[in-house]
Amino acid sequence: MSNTLTFYYNPISMPSRAVLTLLTLGNVPHTAKIVDLQKQENLTPEYTAINPCQSVPAIDDDGFKLFESHAILRYIVNKYQLHDFYPKDPQEIAKIECYLDWHHTGTKIVSKFIFTYIIGPKMMNRPAPPDQDAQEKEMESILQFIEYVFLGQGKFKYLQNQPKMTIADLSLIFELQALFAFNYSFDKFPGLKNYVQHMSQLPQIKQANQMFYGMIKNAPLNDFIKGLVQ
């Protein structure tokens, strides 16, 4: 067995990019292996033995196999003592965990909107449902909640008013950036827009987004998004 953590991911997957960025920021030794979803490599017996859910990302750390991005993020910060990205104080930990738990029923509505109205119709030939306006309003209610609650009405630099970027921010930012494919301006939420701009300018996040940006850079984009993806 290798003593190096093996990271299985797909560069288009938002949770994959979150873990990849943490590995890069934390200088964690690892071997990265792309799982080609179009070739259904995630459905092979070999990969299913690593991740029974057949999703990305997943890790194999010297025989210890783990899936689900938030579990992987927690494992990495704890094993490698990356306390810059995960606080030590129990109350501050609880704040981070509060967002990470809410993410699955809150922020994922943003991802669902993009998949339903962008990825499905344009990449998978799936017809878009007719209720886009209603779904967009629901999606925007989530953006408003993030700005008002987790970003303190737009006053916080990082989620839950942490002094530094945490794994909660890594989990969130790539989901928000998916809205770039919808040419979303974020103008309705200036505090959230500032957050997206600040986070998107980090070199490690730009690096993780190379393939995603390559897919959308020639699409009609507003000036805000153009400035971030170039």
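Each remark here, short or long, concerns the structure printed above.
This text gives an overview of the structure that appears in the document. All figures in this text were calculated on a predicted structure; none of them were measured in a lab.

## A closer look at the packing of helix α7 (residues 167-177) against helix α8 (residues 190-200)
Moving on, step 1. Closest axis-to-axis distance for the α7/α8 pair is 10 Å, and the angle between their directions is 105°. In terms of their interaxial angle, α7 and α8 are classed as roughly perpendicular. Here α7 contributes D169, L172, I173, L176 and Q177 to the contact with α8, which in turn contributes L192, Y195, V196, M199 and S200.

## Structural notes on the nonpolar core
Moving on, step 1. Within the largest apolar cluster, 65 residues are counted, with the highest numbers of intra-cluster contacts made by L22, L143, I167, F180, L192 and Y195.
Moving on, step 2. The leading source of residues in this core is α7, at 7 residues.
Moving on, step 3. Sequence-distant contacts of L192, defined by excluding residues within four places in its chain, comprise L143, I146, E147, L151, L176 and F186.
Moving on, step 4. In this structure, V35, I50, V56 and A58 belong to the second largest nonpolar core, which totals 6 residues.

## Structural notes on the environment of V28
Moving on, step 1. One can find V28 in the loop between α1 (14-25) and β2 (30-34).
Moving on, step 2. In this structure the C-alpha to C-alpha distance between V28 and A58, which are 30 residues apart in sequence, comes to 15 Å.
Moving on, step 3. In this view, V28 contacts L23, I76, Y80 and L82; residues no more than four positions away in its chain are not counted.

The rules behind the values
- Throughout, residues of each chain are indexed from 1 in the direction in which the sequence is written.
- Reporting in this predicted model follows two pLDDT cut-offs: at least 70 for local features of residues, and 80 or more for side-chain atom pairs to be given and counted; totals over whole chains, interfaces and linings ignore these cut-offs and use all residues.
- Values reported for side chains reflect all heavy atoms of the structure, with hydrogen atoms and water molecules removed beforehand.
- The angle between two axes is taken between their N-to-C directions and runs from 0 to 180 degrees, where each axis is a line fitted to C-alpha atoms and a helix contributes only its stretch in contact.
- Where helices and strands are cited, they refer to DSSP runs of H or I of at least four residues and of E of at least two residues respectively, numbered from the N terminus.
- For classification purposes, an angle smaller than 35 degrees is called roughly parallel, one larger than 145 roughly antiparallel, one from 65 to 115 roughly perpendicular, and anything else oblique.
- We call two residues in contact whenever any of their non-hydrogen atoms come within 4.5 Å of each other.
- Residues enter a nonpolar core if they are buried and are Ala, Val, Leu, Ile, Met, Phe, Trp, Tyr or Cys, with the set joined through side-chain atoms within 4.5 Å.
- For the exposure calls, accessible area comes from a 1.4 Å probe over protein chains only, and a residue counts as buried if that area is under 20% of its type's maximum, exposed if over 50%, partly exposed in between.

Interpretation note: all reported values are geometric properties and have no functional meaning in isolation.
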